[in-house]
There are 4 protein chains.
Amino acid sequence: MSKTIKKIGVLTSGGDSPGMNAAIRSVVRTCAFHNIECIGIYRGYQGMIEGDFKEMGPRSVNNIVNKGGTILKSARSKEFMSPEGRKKAHDNLVKAEIDAFVVIGGDGSFTGALVFNKEFDFPVIGIPGTIDNDIFGTSHTLGYDTALNTVVEVIDKIRDTASSHNRLFFVEVMGRDAGHIALNAGIGAGAEEILIPEEDLGLERLVESLEKSKLTGKSSSIVVVAEGDKTGKNVFELKEYVEEHMPEYDVRVSVLGHMQRGGSPSCFDRVLASRLGVKAVESLLENKTNFMVGLINDKVALTPLEQAIKGHCEVDKELLRVSDIMSI
Amino acid sequence: MSKTIKKIGVLTSGGDSPGMNAAIRSVVRTCAFHNIECIGIYRGYQGMIEGDFKEMGPRSVNNIVNKGGTILKSARSKEFMSPEGRKKAHDNLVKAEIDAFVVIGGDGSFTGALVFNKEFDFPVIGIPGTIDNDIFGTSHTLGYDTALNTVVEVIDKIRDTASSHNRLFFVEVMGRDAGHIALNAGIGAGAEEILIPEEDLGLERLVESLEKSKLTGKSSSIVVVAEGDKTGKNVFELKEYVEEHMPEYDVRVSVLGHMQRGGSPSCFDRVLASRLGVKAVESLLENKTNFMVGLINDKVALTPLEQAIKGHCEVDKELLRVSDIMSI
Amino acid sequence: MSKTIKKIGVLTSGGDSPGMNAAIRSVVRTCAFHNIECIGIYRGYQGMIEGDFKEMGPRSVNNIVNKGGTILKSARSKEFMSPEGRKKAHDNLVKAEIDAFVVIGGDGSFTGALVFNKEFDFPVIGIPGTIDNDIFGTSHTLGYDTALNTVVEVIDKIRDTASSHNRLFFVEVMGRDAGHIALNAGIGAGAEEILIPEEDLGLERLVESLEKSKLTGKSSSIVVVAEGDKTGKNVFELKEYVEEHMPEYDVRVSVLGHMQRGGSPSCFDRVLASRLGVKAVESLLENKTNFMVGLINDKVALTPLEQAIKGHCEVDKELLRVSDIMSI
Amino acid sequence: MSKTIKKIGVLTSGGDSPGMNAAIRSVVRTCAFHNIECIGIYRGYQGMIEGDFKEMGPRSVNNIVNKGGTILKSARSKEFMSPEGRKKAHDNLVKAEIDAFVVIGGDGSFTGALVFNKEFDFPVIGIPGTIDNDIFGTSHTLGYDTALNTVVEVIDKIRDTASSHNRLFFVEVMGRDAGHIALNAGIGAGAEEILIPEEDLGLERLVESLEKSKLTGKSSSIVVVAEGDKTGKNVFELKEYVEEHMPEYDVRVSVLGHMQRGGSPSCFDRVLASRLGVKAVESLLENKTNFMVGLINDKVALTPLEQAIKGHCEVDKELLRVSDIMSI
């Protein structure tokens, strides 16, 4: 059962996020620090199936702590969802004498790791890498803080032109299932309203609120909308609705899209990645498996992967109240 | 004819652009320097019609040199297109004892100024403020350099995620009639192809070129597309076309939109704004009228408004060749 | 004792930090939300002594959430250290019918508030605003996160030139008594060594470590040094020491200085400021006094000012180990 | 004489500057485009002497267009100043069958190239890469535009804290012999005074001007000082002088230093680098030698290296007047 770990694989899987490279660097260097070999697995589980491996030493990860994206590339692998695919992957790991792996990714990637562990009793640890911050067992996922800064910087720019023209802007940000980005970036960017998946503000209240905004002397407004907001309307439909009900408004739309996934990670994300990478490797060396490393109350902590997958990182409803007060 | 100018109005008109505030500051302070009064006219020609004026001294423009947008607000005014509207505007200027005005804006704003001058023999000078760089008589319009930096920074972020996933991205940038932004930001961001209004690459050549890109070992590609690109297809249609012809590609779209108009101006735009504002005011004081101040061969120079409106600032076709070579 | 609060003053005091404006905005708008009057007190306690007050409504704080510095200005006041000075300040508050105040600042500002409260039984609440993060009772002070990002961005630039020339750089960052900035920004920027006030690495170990760095194939090195680092040597003396012991090195120095205090706040700091401002005002309305509002385990929480002043926010020693591993 | 060029070397030499990587990329890809081999020469002339060469193809320069520094490293070589050193270098070039080289650097690097050409009749072309913009034959050197943006962004941050505390700041920027950075960044950052090597303002006038600033209601001031400013005093001495003559002022100093050389290049520098690289290679292919490629009146143009070295790119004195007017 508790065999000695001598070689660790590392991969990034699913959507990429800023800080993944810093986490790879941390895993690689922590292995070197403990005299463990480290193997980079390219293109997520797909590369595991295809044996796309490369040995990595401390100098392989020079000058990547500040780079967006992932040098190991990422992918979603359908083949890994089948027992045959996973069998191939396991064969490759065995052939390469890899004893355990660290997967950096989100819910889907963790589910894959867990299934893999059950089938082959193979040690795995997860590092939460996604900008959506929707993973249970960590207050912050890798890339979330960077994405927030990217979003507020862009909305700051949009506000320049909005307030020069007395316009209303609907700005769509990422978040299909979770309003973390919308809520926090919305408060940070001084949005008048924030629409999230967790709470239905109601379209009438939106119009009321915008009308109140105008009465209180605001000349322009920004409404931040999460992709999966609960009104069920996307930003283009929201624009139409508001134009119909407030014809005096000049309404515009901006969909921020993929730029939110890129960029040089913030200091917070770089430090978090470094800490999580250390803990991930050292947990494997202590023969722990099926855990996610995360940040709880500012400390690095382990959460069983099973819980991390089932749970949900709730938005802080108090922030909705803060947003309301701020937009008076 | 050549009466003494004692009070100058300043307004921003049309779409806003970074550097407009720096230009306002320059006009205001140059007036103060020459002991001339300066009046801010709010919301472009519409504010002129409504008499929305405010006296401005050198301290009114503190701390705006680095701010995007325009503190004078901007608007498009239908009323100013009618003789009645312009009559009202003129009455207001006369009542406020304004002897001349500086308008910061684009082609449309200059046309308005020229008509106004013809009708009332009122001295006017234009400063080219638009991110599109499509104005004859200046190598650079205010805001263009800033917009280029904004675009390349965003595409740098998109490239992070594109190259992590081996994806093809179509990125739409501003430019309905002119490819300046697409061409320069495309080269700056290392785009594989650039589609502009001035040149029809042809969709087949686009597909060929992307296929060649793949063969030469590129794992991801960015295609920069101006709004008014000559293929006649927008980015969503281009995506469809390519997906049909290159089913192996994972194609994504990003429309940069209004963020391109905002943001703190680059050093270049701040210096340009300062220089043009000085020249605009001093030209009026020398009883010059109906000119645009611009940058020609790195020197501030005057161009008759009539020429500025009729002419067109051509893209440098040599850049198309540079782009071709760079994307080898 | 528990009188009704109808008018609240707000001031910024001591060194400024990014997020102070967002906190002022939050205090002002939370007052408006609860139909309380709000008075801006300019230039910290000095302005309190001089009666430099101005009424503030929700529109007074438009467009400042993203601005560095403080619109209320800040100052250190010697006069406030004397009973006579505080008497004058109290007279002014009484005359202006101000019932309580919120002070945004650091240790010194809180001490002033506490003394003032003891003398006049005047309700006060503190918001921790300083980039140094050295205040007990909050995991993050306002401006700290922004300063970290500023520092890593600058060191990223320095690394470009360091690695182009195989150079060693000593970079001095703020932190006279606390190594938070040095330690976190050092890890974030991939520093080879980090010197902080809390731990004496020893100069010999520094040289050893740099020599090891060279042996492992690193061609350039960054050493991040807190102002008050425990070796007792400043960056210029460190440069001399290393040049003497490692003559083959081309050593350079960079002192980051005041730029660390400025800049547009990060999203984190903007949200934190908004949350703390709400809590500060609502705590006063609940007749609480002599507390600091802070962030503990990601939740807003109160700490008695007395504890906040006496205590110290320790650096996480685990980070020293992470830094060691990362620089292998 | 006019032999066929089949293999071109490229090196970066002297101080690095943003855009050098984009220029390397352009040289490498233009060679590939014309089916010419390209060899990277590491560490400038020193690497030429040591034969530190590496073949480069179009994929060797992927993802560097936006990176600061130089992947070829740079160095200053004393050995190359001797005939023996240059002999070794030439032997290495001959052995590697390199027919010509492109050197990216400043005056000193061009002088080396010219001497080398005279001795060995070896074809050379220079690309001006330095942030100082002090090279004759080009309106812009590579990296200059980026450095200007870096400087104004930092001074924007310093101004936040300066204006929060009513302080006077002396900010030292690069420029030992040329005031381009100080003058342009000073205007861009809204400096009250700018001290440059080309013009002696006089210390008394400085004090007068600062006093006038105060009288006109400015609460804080920034003075931008080039390293080689003509007063002969450095920023620390200037601080002392002003403190003596204006004891009411709280004076601070900031030396920006090496960060000015780093950072991701601006769009302008990336496009300029791309254009100059194409022209450099194609000029060699046309059997031109001893030229520098530069930008004159917005067009790429050749200037004999001899002139480029002897001449000087003058600051535009008109900007001094603009600066005076802006700081009213």
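Residues numbered from 1 in each chain as written. Chains lettered and ligands numbered in written order. Predicted model: local features only at pLDDT ≥ 70, side-chain atom pairs only at ≥ 80, totals over all residues. Heavy atoms only, no water.

A few words on the overall build of chain A. In terms of helices and strands, chain A carries 11 helices and 11 strands. For chain A, whose C-alpha radius of gyration is 22 Å, the value lies close to the compact-globule estimate of 20 Å for 328 residues. For chain A, the C-alpha atoms occupy an extent of roughly 70 × 35 × 35 Å along the three principal directions. Counting across all 328 residues of chain A, residues that qualify as buried make up 66%. The contacts in chain A between residues at least 6 apart in sequence include a share of 75% that link residues at least 24 apart. Here chain A has roughly 11200 Å² of accessible surface; of this, 49% comes from carbon and sulfur atoms. Between the mean site of the 38 positive side-chain charges and the mean site of the 46 negative ones, chain A shows a separation of 7 Å. (Helix = DSSP H or I, 4+ residues; strand = E, 2+ residues; numbered from the N terminus. Rg over C-alpha atoms; globule rule 2.2 N^0.38 Å. Buried < 20%, exposed > 50% of the residue type's maximum accessible area, 1.4 Å probe, protein only. Contact = heavy atoms within 4.5 Å. Areas by Shrake-Rupley, 256 points an atom, 1.4 Å probe, with all protein chains shown as cover. Lys, Arg positive; Asp, Glu negative; His and termini not counted. Charge placed at Lys NZ, Arg CZ, Asp CG, Glu CD.)

On to the relation of the copies chain D and chain B, then. For the pair chain D and chain B, the relating rotation is 180 degrees, the translation along its axis is 0.0 Å, and the fit reaches an RMSD of 0.0 Å. As the rotation angle and translation indicate, the two copies are arranged about a two-fold axis. Within chain D, D:Asn297 has its C-alpha nearest the rotation axis, a separation of 2.2 Å. Here 100% of the contact residues of chain D are again contact residues in chain B; the copies associate through an equivalent surface. (Least-squares fit on C-alpha atoms with pLDDT ≥ 70 in both.)

All names here are of chain A. The UniProt feature table records "binding site: Mg(2+)" (unreviewed entry) at Asp 107. Classification of Asp 107 by relative accessible area gives partly exposed; the value is 30%. Each residue touching Asp 107, except ones within four places of it in the same chain, is listed here: Ile 135, Ala 308 and Ile 309. (UniProt positions renumbered as here; feature names shortened; annotations may be inferred.)

A few words on the sheet that holds strand 5 (residues 124-128) of chain C. Sheets are built from strands that pair by backbone hydrogen bonding, the pairs being arranged parallel or antiparallel. Residue and element names in this part refer to chain C. One open sheet holds the seven strands; their spatial order is 3-2-1-4-5-10-11, and the pairing between them is mixed. Whereas interior strands pair on both sides, the edge strands pair on one side only; in this sheet they are strand 3 (53-55) and strand 11 (299-304). Going from strand to strand, the sheet's axes swing by 30 degrees on average, the running direction of each strand aside. The sheet contact formed by strand 5 and strand 10 (residues 291-296) spans two bridges and is parallel. Of the residues in strand 10, the one forming a bridge with Ile 125 is Phe 291. (Pairing = 2+ DSSP bridges. Axes fitted to C-alpha atoms, helices over the stretch in contact; angles between N-to-C directions.)

Take D:Ser26: it is sitting in helix 1 (residues 20-33). Classification of D:Ser26 by relative accessible area gives buried; the value is 0%. Leave out the neighbours within four places in its chain, and D:Ser26 touches B:Met326, D:Ala273, D:Ser274, D:Gly277 and D:Val278.

Let us look at the interface of chain D and chain B. With 48 residues of chain D at the interface, the matching set in chain B holds 48 residues. Both faces considered, chain D and chain B share a buried interface measuring about 4100 Å² in area, 56% of it formed by carbon and sulfur atoms. Three residues, D:Cys267, D:Met326 and D:Ile328, lead the burial of chain D against chain B; their summed loss comes to 16% of the area buried on that side. Across the contact surface, chain D and chain B share 18 residue pairs in polar contact (both at pLDDT 80 or more). Only helix 1, helix 5 (144-165), helix 6 (180-188), helix 9 (267-285) and helix 11 (318-326) of chain D provide two or more residues apiece to the side of chain D that touches chain B. Per element, the largest residue contribution to the side of chain D that touches chain B is eight residues, and it comes from helix 9 of chain D. Of the residues in the side of chain D that touches chain B, the class split is 18 nonpolar, 16 polar and 14 charged. (Buried area = accessible area lost by both parts, 1.4 Å probe. Polar contact = N/O pair within 3.5 Å; in protein donor to acceptor, adjacent residues only side chain to side chain. Nonpolar A, V, L, I, M, F, W, Y, C, P; charged D, E, K, R; others polar.)

Residue and element names in this part refer to chain B. For helix 1 (residues 20-33), which comprises 14 residues, the first-to-last C-alpha distance of 20 Å matches the rise-based estimate of 20 Å (1.5 Å per residue) to within 8%. Across the 14 residues of helix 1, 13 count as buried, placing the element largely inside the fold. Positive phi shows up at Asn 35, right after helix 1, with a value of about 55 degrees. (Expected span 1.5 Å × (residues − 1).)

For the rest of this paragraph, the subject is the packing of aromatic side chains. The geometry of an aromatic ring pair comes down to the distance between the two centres and the angle between the two planes. On inspection of all chains with the given rule, the structure shows 28 aromatic pairs over all chains. Taking 3.9 Å as the distance between ring centres and 10 degrees as the angle between the ring planes, the aromatic pair formed by C:Tyr45 and C:Phe80 counts as stacked. Remark: C:Phe80 occurs in the loop between strand 3 and helix 3 (83-95) and C:Tyr45 occurs in helix 2 (residues 44-50); sequence separation between them is 35 residues. Looking at C:Phe80, the relative accessible area reads 4%, which means it is buried. Aromatic side chains D:Phe80 and D:Phe116 sit 5.7 Å apart centroid to centroid with 25 degrees between the ring planes, which places their arrangement in the stacked category. Of the two residues, D:Phe80 sits in the loop between strand 3 (53-55) and helix 3 (83-95) while D:Phe116 sits in helix 4 (residues 107-120), which places them 36 residues apart along the sequence. When sorted by exposure, D:Phe80 lands in the same class as D:Phe116, which is buried. Linked through ring pairs, A:Tyr45, A:Phe80, A:Phe101, A:Phe116, A:Phe120 and A:Phe122 together constitute an aromatic cluster. Lying across the ring of A:Tyr249, A:Lys214 places its NZ or CZ 4.0 Å from the centre. (Phe/Tyr/Trp six-rings, centres within 6.5 Å; stacked < 30°, edge-to-face > 60°. Lys NZ or Arg CZ within 6 Å of the ring centre and 35° of its normal.)

Residue and element names in this part refer to chain B. Closest axis-to-axis distance for the helix 6 (residues 180-188)/helix 11 (residues 318-326) pair is 10 Å, and the angle between their directions is 30 degrees. One element, helix 6, and the other, helix 11, form an angle in the roughly parallel class. For the pair helix 6 and helix 11, the sense of crossing is left-handed. Between helix 6, through Leu 183, Asn 184 and Ile 187, and helix 11, the contact on the second element is made entirely by Leu 319, Leu 320, Val 322 and Ser 323. A class-by-class count of the residues in the contact of helix 6 with helix 11 yields five nonpolar, two polar and no charged. (Parallel < 35°, antiparallel > 145°, perpendicular 65-115°, else oblique. Left-handed = near helix turned anticlockwise from the far one by under 90°.)

Residue and element names in this part refer to chain A. Examined at the domain level, chain A breaks down into domain 1 (7-143 + 265-310) and domain 2 (145-261). A separation of 35 Å is found between the C-alpha centroids of domain 1 and domain 2. Between domain 1 and domain 2, a total of about 1000 Å² is buried, with carbon and sulfur atoms accounting for 51% of that surface. Summed over the three residues of domain 1 that lose the most area to domain 2, namely Asp 16, Ile 131 and Asp 132, the buried surface amounts to 44% of that side. (Domains from an automatic or database assignment.)

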